[in-house]
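Tertiary structure, described
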2 protein chains.
Amino acid sequence: MTTNKVRIKEVGPRDGLQNEKNYISTTDKIAFIEKLSETGLDYIEVTSFVHPKWIPQLADAVDVLCNLKRRKEITYAALVPNIKGLERALQVHIDEVSIFMSASEGHNLSNINKTISDTFPVLKEVVEEARLNNLAVRGYVSTVIGCPYDGPVKPEQVLYVVDHLIDMGVKEISLGDTIGVGVPTDIERLLEVLLKKYPPYLFAMHFHDTYGTAIANIVKSLEMGILTFDSSIGGLGGCPYAKGASGNVATEDVHYLFTKMGKQTGLNAKKLLEAAYFIESKLGKTLNTKQLAISRSEVNH
Amino acid sequence: MTTNKVRIKEVGPRDGLQNEKNYISTTDKIAFIEKLSETGLDYIEVTSFVHPKWIPQLADAVDVLCNLKRRKEITYAALVPNIKGLERALQVHIDEVSIFMSASEGHNLSNINKTISDTFPVLKEVVEEARLNNLAVRGYVSTVIGCPYDGPVKPEQVLYVVDHLIDMGVKEISLGDTIGVGVPTDIERLLEVLLKKYPPYLFAMHFHDTYGTAIANIVKSLEMGILTFDSSIGGLGGCPYAKGASGNVATEDVHYLFTKMGKQTGLNAKKLLEAAYFIESKLGKTLNTKQLAISRSEVNH
């Protein structure tokens, strides 16, 4: 049976904002998340419990989650780096937590300050404590195609990390091309290896558009059976360690792609633009997604 | 037999510049084309013999072609709208001419001021006169996916126009998604119809990136056997009648894609950037291709 439904998971408030220099107030973050909640999204990663020393932009994680007006059909998720982060997160209500690590040693060391094998027990502790609290855990694997330190990453190396996360009990793995170097043939090679062992519903794809290939990579992933995709409204974000500093693929552009391909995202294009314009006004910089450019040119015509 | 070679045909000096408001001097146009000639390109569409009333930017077509330093391995082509345009073009040396029309009535009427059936004899006259002068003719078919006036365009309608152009003796047809609305499933449906009747080497694909899908569409076309692609350095251009006003897919970004996919373009990435920076400085506006953004961020790091 084939389905026409695809699922977009919004990571803008967390993965997007965490790299933005202009501080967004807690009130504005909440308003932003509430605007996203009106778009039809059923999954929003709203903040991070990484220590505020590392991500000052998201130091107000508890305040955001305490004051958010929630909709019951939406999963509000937060990122946690370790058991201390999880303990902070458990002070407030969250629906799901995400953990993260990299497929490459270089990026993992730089981002987490641990080797890959030393990271596994840290994450296992989180997954077990989350289970005791009836919380599902999503796992991000970064640098699944290329690493800014180690260069190309082999599918087998990604499989090695995926195996460990699935053994721990992670319920979905988001495969991130963190520096956006991948092209569809890379995605094909990676997914061929992973889908030989695991069913496609275990994976989400998380693309950055540094080299302009994110949409093409989404199409290839979809052709290979993947139905869940991370994206960021307004293309917010980007990796501070990556050349080009290009952001996540934009939710509104992914929505256009899927809709034109006859897929159902459940999202409302007009509401997506409203959320994008809102955060653009708060960031005080122009966001350059295709849908925003088209919308602006319509206003000017 | 599969080949690793793909061919990029550069349309920046013509399709790119024709929509730019800032006038580029003849000297600068020539310098631009000469910079492009150093990149490894073997095909450059350098100008247009459309009446200067319609495209004042390219009124200096004769001067450009007379003063250009040529390389014998490069095909220098020019666009001609009708027999009058061809007669002007024949005053100077050119290697190939291009003709153009649309797959949709609405765009053809707006762009050429004729119906599709009234356009055929006009183009036939050009092809026959070109043949007498030993000039090959390339045919552009615009709006092959969607039309700003008529909406979606059926593959059968494109086939109808392609049939006529091939009957005339056009040696290659460039299929243009002029307003950039296409997604890979559209490209697949179109090429399935055309490739049932004709071999892939008769076609080139010409994508605009209005909705961010150009690279994905190139990948799909390549998967279906197409090996020739039009692009524009710096993403120059765009259709003045199209929403979003986004330009042609950028040569340097297409080069990245193909190279990373293991294909050989024969192009030099550094020289491509030099040509892009050159025309950017002359246009006095920032060109936003991915490769330019990456290059700028490397300088700033």
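The following refers to the structure shown. These numbers were taken from a predicted model, which means no experiment stands behind them. (Residues numbered from 1 in each chain as written. Chains lettered and ligands numbered in written order. Predicted model: local features only at pLDDT ≥ 70, side-chain atom pairs only at ≥ 80, totals over all residues. Heavy atoms only, no water.)

Observations regarding the overall build of chain A
Each helix and strand in chain A was counted, giving twelve helices and ten strands. In chain A, of all internal contacts separated by at least 6 residues, the share reaching a separation of at least 24 is 74%. In the form shown here, chain A has an accessible surface area of approximately 12,000 Å², with 51% of it arising from carbon and sulfur atoms. Separation of charge centres in chain A, based on 33 positive and 36 negative side chains, amounts to 2 Å. (Helix = DSSP H or I, 4+ residues; strand = E, 2+ residues; numbered from the N terminus. Contact = heavy atoms within 4.5 Å. Areas by Shrake-Rupley, 256 points an atom, 1.4 Å probe, with all protein chains shown as cover. Lys, Arg positive; Asp, Glu negative; His and termini not counted. Charge placed at Lys NZ, Arg CZ, Asp CG, Glu CD.)

Focus on the interface of chain B and chain A
Taken together, the contacts link 29 residues of chain B with 30 residues of chain A. Here chain B and chain A share an interface that buries about 2,500 Å² over both sides, 61% of which is from carbon and sulfur atoms. Of all residues in chain B, Tyr211(B), Tyr256(B) and Lys290(B) give up the largest surface area on contact with chain A, accounting jointly for 22% of the area buried on that side. Applying the counting criterion to the chain B and chain A interface returns eight residue pairs in polar contact (both at pLDDT 80 or more). Elements represented by at least two residues in the side of chain B that touches chain A include exactly helix H8 (184–197), helix H9 (214–223), helix H10 (251–260) and helix H12 (290–300) of chain B. (Buried area = accessible area lost by both parts, 1.4 Å probe. Polar contact = N/O pair within 3.5 Å; in protein donor to acceptor, adjacent residues only side chain to side chain.)

Some remarks on the side chain of Glu280(A)
Take Glu280(A): it is sitting in helix H11 (residues 269–283). Once you skip the residues sitting within four places of it in the chain, Glu280(A) turns out to touch Lys285(A), Thr286(A), Leu287(A) and Arg296(A).

Here we look at the relation of the copies chain B and chain A
Its rotation angle being 180 degrees, the transformation that places chain B on chain A also includes 0.0 Å of axial translation and leaves an RMSD of 0.0 Å. Look at the turn and shift together and you get a two-fold axis relating the two. Considering only C-alpha atoms, the part of chain B nearest the rotation axis is Ala216(B), at 1.9 Å. A symmetric contact is evident, with 100% of the interface residues of chain B recurring at the interface of chain A. (Least-squares fit on C-alpha atoms with pLDDT ≥ 70 in both.)

Quick look at the nonpolar core
With 200 residues, the main nonpolar core has Leu165(A), Leu175(A), Leu165(B) and Leu175(B) as its most contacted residues. In this structure Leu165(A) touches Ile99(A), Met101(A), Leu123(A), Val141(A), Val170(A) and Ile173(A), once residues within four positions along its chain are discounted. (Core = buried A, V, L, I, M, F, W, Y, C linked by side-chain atoms within 4.5 Å. Buried < 20%, exposed > 50% of the residue type's maximum accessible area, 1.4 Å probe, protein only.)

Quick word on the pattern of salt bridges
Taken as a whole and judged by the stated rule, the model has 40 salt bridges over all chains. Residue Asp209(B) is joined to Lys290(A) by a salt bridge in which the shortest nitrogen-to-oxygen separation is 3.3 Å. A residue pair is termed interchain when its members come from two chains, as with Asp209(B) in the loop between strand E9 (203–207) and H9 and Lys290(A) in helix H12 (residues 290–300). (Salt bridge = Lys/Arg side-chain N within 4 Å of Asp/Glu carboxyl O.)

Some thoughts on unusual backbone geometry
All names here are of chain B. Not every positive phi belongs to a glycine, and Asn113 is a case in point at roughly 65 degrees. Relative to the assigned elements, Asn113 resides in the loop between helix H5 (105–112) and helix H6 (116–132). Judged by relative accessible area, which is 65%, Asn113 ranks as exposed. Of note, the phi angle at Thr143 is positive, near 50 degrees, even though the residue is not glycine. Along the chain, Thr143 falls in the loop between strand E5 (136–142) and strand E6 (146–147).

Describing the pairing of strand E2 (residues 43–48) of chain A
Residues and elements named next belong to chain A. Counting buried positions along E2 yields six of six residues, so the element is predominantly enclosed. Relative to strand E3 (residues 75–79), E2 is paired through five bridges, and the arrangement is parallel. For Glu45, the partnering residue across the bridge sits in E3 and is Ala77. In this fold, the crossover linking E2 to E3 by way of helix H3 (residues 61–67) has right-handed handedness. (Pairing = 2+ DSSP bridges. Right-handed = clockwise from strand over helix to strand, strands pointing away.)

Comments concerning H8(B)
Helix length check: H8(B), at 14 residues, gives a terminal C-alpha distance of 20 Å against a target of 20 Å (1.5 Å per residue), a fit within 8%. Taken residue by residue, H8(B) has Pro184(B), Thr185(B), Asp186(B), Ile187(B), Leu190(B), Leu191(B), Val193(B) and Leu194(B) as its buried positions. On its buried face, H8(B) sits against helix H9 (214–223) and helix H10 (251–260) of chain A together with helix H7 (155–168), strand E8 (172–177), E9 and H9 of chain B. (Expected span 1.5 Å × (residues − 1).)

Brief notes about the packing of H8(B) against H9(B)
All names here are of chain B. For the pair H8 and H9, the least separation of the axes is 9 Å and the interaxial angle reads 35 degrees. Judged by the twist between their axes, the crossing of H8 over H9 is right-handed. Contact residues: Pro184, Ile187, Glu188 and Leu191 in H8; Ala216, Asn217, Lys220 and Ser221 in H9. Taken together, the residues of the contact of H8 with H9 sort by class into four nonpolar, two polar and two charged. (Axes fitted to C-alpha atoms, helices over the stretch in contact; angles between N-to-C directions. Left-handed = near helix turned anticlockwise from the far one by under 90°. Nonpolar A, V, L, I, M, F, W, Y, C, P; charged D, E, K, R; others polar.)

Overview of the packing of aromatic side chains
One pass over the structure, following the stated rule, counts eight aromatic pairs over all chains. Between Phe120(B) and Tyr160(B), the aromatic rings sit 5.8 Å apart at their centres with planes inclined by 70 degrees, giving edge-to-face as the arrangement. With Phe120(B) in helix H6 and Tyr160(B) in helix H7, this residue pair connects regions lying 40 residues apart in the sequence. Residue Tyr160(B) is classed as partly exposed on the basis of its relative accessible area of 35%. Over the aromatic face of Tyr43(A) sits the side chain of Arg138(A), whose NZ or CZ is 5.5 Å from the ring centroid. (Phe/Tyr/Trp six-rings, centres within 6.5 Å; stacked < 30°, edge-to-face > 60°. Lys NZ or Arg CZ within 6 Å of the ring centre and 35° of its normal.)

Quick look at the side chain of Thr265(B)
All names here are of chain B. Within the element layout of this structure, Thr265 appears in the loop between H10 and helix H11 (269–283). Taking the relative accessible area as the measure of exposure, Thr265 reaches 13% and is therefore buried. At 2.9 Å, the side chain of Thr265 forms a polar contact with the side chain of His255. Engagement of the side chain of Thr265 in a polar contact is seen with the backbone nitrogen of Leu267, the distance being 3.0 Å. Among residues more than four places away in sequence, those in contact with Thr265 are Val6, Ile8, His255 and Phe258.

Details of the environment of Val126(A)
Residue and element names in this part refer to chain A. Among the structural elements, Val126 can be located in helix H6 (residues 116–132). Relative accessible area serves as the criterion here: at 0%, Val126 is assigned to the buried category. A sequence separation of 27 residues divides Val126 from Ile99, and the C-alpha atoms of the two residues are 8.0 Å apart. Not counting the four nearest positions on each side in its chain, Val126 is found in contact with Val80, Asn82, Ile83, Leu86 and Ile99.

So, H9(A)
The buried fraction of H9(A) amounts to nine of the ten residues, a majority that puts the element mostly inside the structure. Burial in H9(A) covers these residues: Ala214(A), Ile215(A), Ala216(A), Asn217(A), Ile218(A), Val219(A), Lys220(A), Ser221(A) and Leu222(A).

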